Each structure stands twice: as C-alpha cells, then as structure tokens.
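Structure assessment
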Amino acid sequence: MRIVLFAKRNTKEILRDPTNLFFGLGFPLILLVLLSIINASIPTEANNTMFSIENLAPGLAMFGTAFMALFSGMLLSKDRTSSFLMRLFASPMTSLDFILGYTLPLFVMALAQAAITLFASCLAGLELTVNLLPAILVTALSSLLFVGFGLLFGSMMNEKAVGGICGAVLTNVAGWLSGVFIPLDLIGGAFKKAADILPFYHSVQAIKAVLYGNFGELLPHLTIILGYSVVIFALAVIVFQRKMSGGKA
Amino acid sequence: MNAITITNMSKKYGEFTAVDELNLTIEQGELFSLLGVNGAGKTTTIKMLSCLIKPTGGDAVLLGDSVKEHPQAVKAKINISPQETAVAANLSVIENLELIASIYGKDSKTVKKSADKMATQFRLDGVRNKKSKQLSGGMQRRLSIAMALISNPKILFLDEPTLGLDVLARRELWTCIKSLKGKVTIILTTHYLEEAEALSDRVGIMANGKLTAIGTVAELTEQTGTSKLEDAFVMLSGGAV
Ligand SMILES: Nc1ncnc2c1ncn2[C@@H]1O[C@H](COP(=O)(O)OP(=O)(O)OP(=O)(O)O)[C@@H](O)[C@H]1O
Ligand SMILES: [Mg+2]
C-alpha cells in the first residue's frame, strides 16, 4: 500500500504549512463574506443576481478548488528539487504510486473545502438540502482537473514558476472564465466562447445542476470536465515518467 | 557470485560523454570506493546503477537483474544515499525513517523497531520528533544516510556520505560502514582519500568518464611507485601536480 503511505506523507506535508490551510480552506470563505456584502448593497431594482448566494455558492466552491493546482504543483516541484524524490525514484515505488499518492490527499482536501464553502453558504442564505452532498462530490471531482494541472506543471517547472502559473495565471483564468466574478451571458462574444471551450465554466454549471436538483443537465458539463482532466492527467503522467527515468529533474 | 557486473555501460548527454564504456565487476559483500575529480562521472555511474537514469549504452546486472530490463527488481534490493541530502522537510526524523522502511515493504512492527534503532545509531534520538527542516545540515545528512540503511539493502550506494559531517559523526559512520562489510555490497564515492583507505576493499579511479585504475590501495600505490593513496590518485586521475 505504497499509495497510502505516500498519500499520508503528502497530507502531512501540505497540512503542516499554514499558508496552505489559509488558501485552501479560508480563502473561499473570505470571498463569500465580501461578495455577499457587495450583493447586499446592490439595489433590488438593479435586478442583478450575479452575486446572489444561489450563484455565488457553486461559483466559489469551484473557484476554491483552483488552489489544488497550486498545492499539488508546489509540492511536486519542491520534492523534485530537494532530491527527496530522487531517493523515492530509486525505491520500488511505481509512477502510479506517485501520481495517486499526490492526487488522493488533494481530492480529500477538495471534499473538505467544498463542504466548508457550501455549508457556510447555507449560513449566508443558501437553502440546505440533501443536494448539497452530491454538489460536494461534483466539486471535488472537478478539482481533479486542477490537481492534474499542478502535477503537469510541477513535473516540469521549479517552485517559483509553478507559483506563478498555477497561483496567478490559472486561478485568474478559472476565476474570470467561469462566470463567478463577471456575468458571462451578459458579456457574450469571444469571452463567452472561450469560457464555453474551457472547462471552468462547465464546472460551475455542473455544481449548480446538482445543487438545484437538475440532474439531467449534469452529464454534458461533467463530460467536458472529465475529458479535460483525463487529457491533463495523461500529459502529467507522461512528463512525470520521463523525469522518473532520468530526464533532467 | 558477483553482486554487480557492469559491461560497456555508457551515459551520453547529447555529444557529451559523462560515463564512457565502463566495465567493472564487484563481489558480494565488497566495499568498493569510486574516486575521481569533480565531474569524473561518479554520480552518473551510481545513478545508472540505482536505476535513476538509463544507460545510453551497455548494461549492468545487479544480483542477477539488469538495470535496463528489470529496474523494478533491482530497486527492491538496493538503496541509495544521494550526493545531496534527501529528506522530507516537513516530516519529523522518525516519520522520515518510518516512511522509507514501510515503502520498502516492512511490516509496521519492524518499521517502528528499525526506525528507533536507526535514530539511536545515528545519534538522532534527541531530535526524533523535530521536523527535519529544523535540523542542522550535518544532522539532516545523518538522517539521509540512515534512510538509506533502514531498508536493509543488499547493495548500498553512498554518494559522498561524509560530506558535511563533524569528526565524531564521521567516525561513527565509518564504524557503521565497517560493520556492514561482508554483508552488504557497498559502492562509495568520496573526496577524502583517508576514508577510502580506511574502508575500501578495492578502489577505482575515474577520470573523464573512464575507469583509469582499479585495485587495492596497496596495488595502486605500488603501480604508481608512490607511498600514499593521495599521490597515486593525483597520478591516476589525470592531474599534473
Ligand atoms: N543531466 C546532465 N546533463 C548534462 N551533463 C550532465 C548531466 N549530469 C551530469 N552531467 C555531466 O556529467 C559529468 C559527470 O558528472 P557527475 O555528477 O557524474 O560527476 P561526479 O564525478 O559525481 O563529480 P562530483 O565529484 O563533483 O560529484 C559532468 O561533466 C557533468 O557536467
Ligand atoms: Mg558526484
């Protein structure tokens, strides 16, 4: 059970860094509070439901998981440069042990994060239904996309570059092109098209679908997300295996 | 039986040849020191033998398994203390030791016991619950070596193990290495010639990726007409001094 051993180690490594805890669990909550305040000050005549809790909750649940890319990327990159990974590469661990060992803890963390964000949203007025549970699961599933991104960039780049790409670029793209912070349908055009092609918007829609019981709408969105995830993971595995068999670390 | 049989093993990086058609056999239980100036190809050789990089030519067979054909089988029998200290920064000393022991398939009882034993042997008992990133450089080094020993490998690679160790720790490591002699096959690299002299059964000297001399310390000094390994080393490693 090397996967479990390695997953345990990675969990410790991530949780013992307080900034991770802050960004992973606390940051979506801060946004929730801020955007709820903004929402409260929008006059009802404006008819702007952009930041209503029904839209905000699934959006922030998705946005929070974008940090999983940062965590997985930084951890892998740090391991590679500290030659700790070299020692494990010489051990009987297989590439599957590594990839799943990195992914598992982040999946669990995404579950926890989604649960916190969505239950906190209930305090802010979201209706508490059993659909919250499948919504948490769908959120965690769509977080795999980000974990895959992190593993891909973490296999190739140093910590600083991973911080820039996963921490700044990816979170921004995911934030803006998912419709969490801007009304995509209102803007339309190329912006909306880009959002449609990329998976982030679909993650929010998938979470929304289950959260509000429209399970029929789930599949098309979920297919796109999982399709992207499979491709990103495949790339990450290829790059990782090359590093493992002696590509320049 | 030979523990390690290397035949025409080479490693090229583009046009550059880091290890050039190496041929070498090492007996079971032998302690073999690989010497050579910076960039001679020692670490590259160790990396190929421990399946960290693939040879671009030739092969090596470790206790019956080829590094090219059956790296997984080789990996189960070896362990390595890399040239750079390799520990998990946010894990404690004991957690690091236990992680490695269990990755090599020891049951949980043995894991606990051997981690305790290693911590004591490497004088890390006082810091056993400290995160390894909070240890001094030499302590991290000792932990890194202990992590190589804890799996009871049949073949052990020690790449400059005593780098950065204080005098006491170095002596203790020597004693520990000596106690493994005859049981574990060890390839060691070092820039301290007295270390090679004190520990090795045989010494090999590398220069520009090639093995230029091989033999016991006595044989090498005799061959070069010198009285000290250091003088023999200077002559055999391409130095002009
Ligand atoms: N990934 C790589 N790409 C290109 N050249 C490399 C690579 N790794 C090592 N080399 C080159 O191969 C040669 C041998 O390096 P190696 O690390 O084996 O030397 P060494 O004998 O261990 O030296 P030292 O005593 O300094 O540790 C060096 O010239 C080095 O620059
Ligand atoms: Mg070296």
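To be clear, the structure that these remarks concern was listed above.
So, here is what we can say about the structure in this document. (Residues numbered from 1 in each chain as written. Chains lettered and ligands numbered in written order. Predicted model: local features only at pLDDT ≥ 70, side-chain atom pairs only at ≥ 80, totals over all residues. Heavy atoms only, no water.)

Bringing the coordination of the magnesium ion (ligand 2) into the picture now. Residue and element names in this part refer to chain B. Taken together, Thr43 (OG1) and Gln83 (OE1) make up the protein donors of the magnesium ion (ligand 2), found 1.9 to 2.1 Å from the metal. Here the residue threonine 43 occupies a position in helix H1 (residues 42–49), and glutamine 83 occupies one in the loop between strand E6 (78–81) and helix H3 (93–103), the gap between them amounting to 40 residues. With a relative accessible area of 23%, threonine 43 lands in the partly exposed category. Residue classification places glutamine 83 among the partly exposed residues on the basis of a relative accessible area of 27%. (Donors = N, O, S within 2.8 Å, 3.2 Å for Na, K, Ca; no water. Helix = DSSP H or I, 4+ residues; strand = E, 2+ residues; numbered from the N terminus. Buried < 20%, exposed > 50% of the residue type's maximum accessible area, 1.4 Å probe, protein only.)

On to the side chain of B:Gln140. Residues and elements named next belong to chain B. Summarising the element assignment, glutamine 140 is placed in helix H5 (residues 137–149). From its side chain, glutamine 140 meets the backbone oxygen of serine 132 in a polar contact 3.0 Å long. For glutamine 140, the side chain forms a polar contact with the main-chain oxygen of leucine 135, separated by 3.5 Å. Residue contacts for glutamine 140: discarding those within four places in its chain leaves Thr85, Val87, Ser132, Lys133 and Leu135. (Polar contact = N/O pair within 3.5 Å; in protein donor to acceptor, adjacent residues only side chain to side chain. Contact = heavy atoms within 4.5 Å.)

Moving on to the environment of B:Asp20. All names here are of chain B. Mapped onto the fold, aspartate 20 is located in strand E2 (residues 16–27). Its relative accessible area of 23% is what places aspartate 20 among the partly exposed residues. Between the alpha carbons of aspartate 20 and leucine 188 there is a distance of 19 Å; along the sequence they are 168 residues apart. Beyond its immediate chain neighbours, meaning those up to four positions away, aspartate 20 contacts Met9, Ser10, Gly209 and Lys210. In terms of polar contacts, aspartate 20 uses its side chain to reach the side chain of lysine 210, at 2.9 Å.

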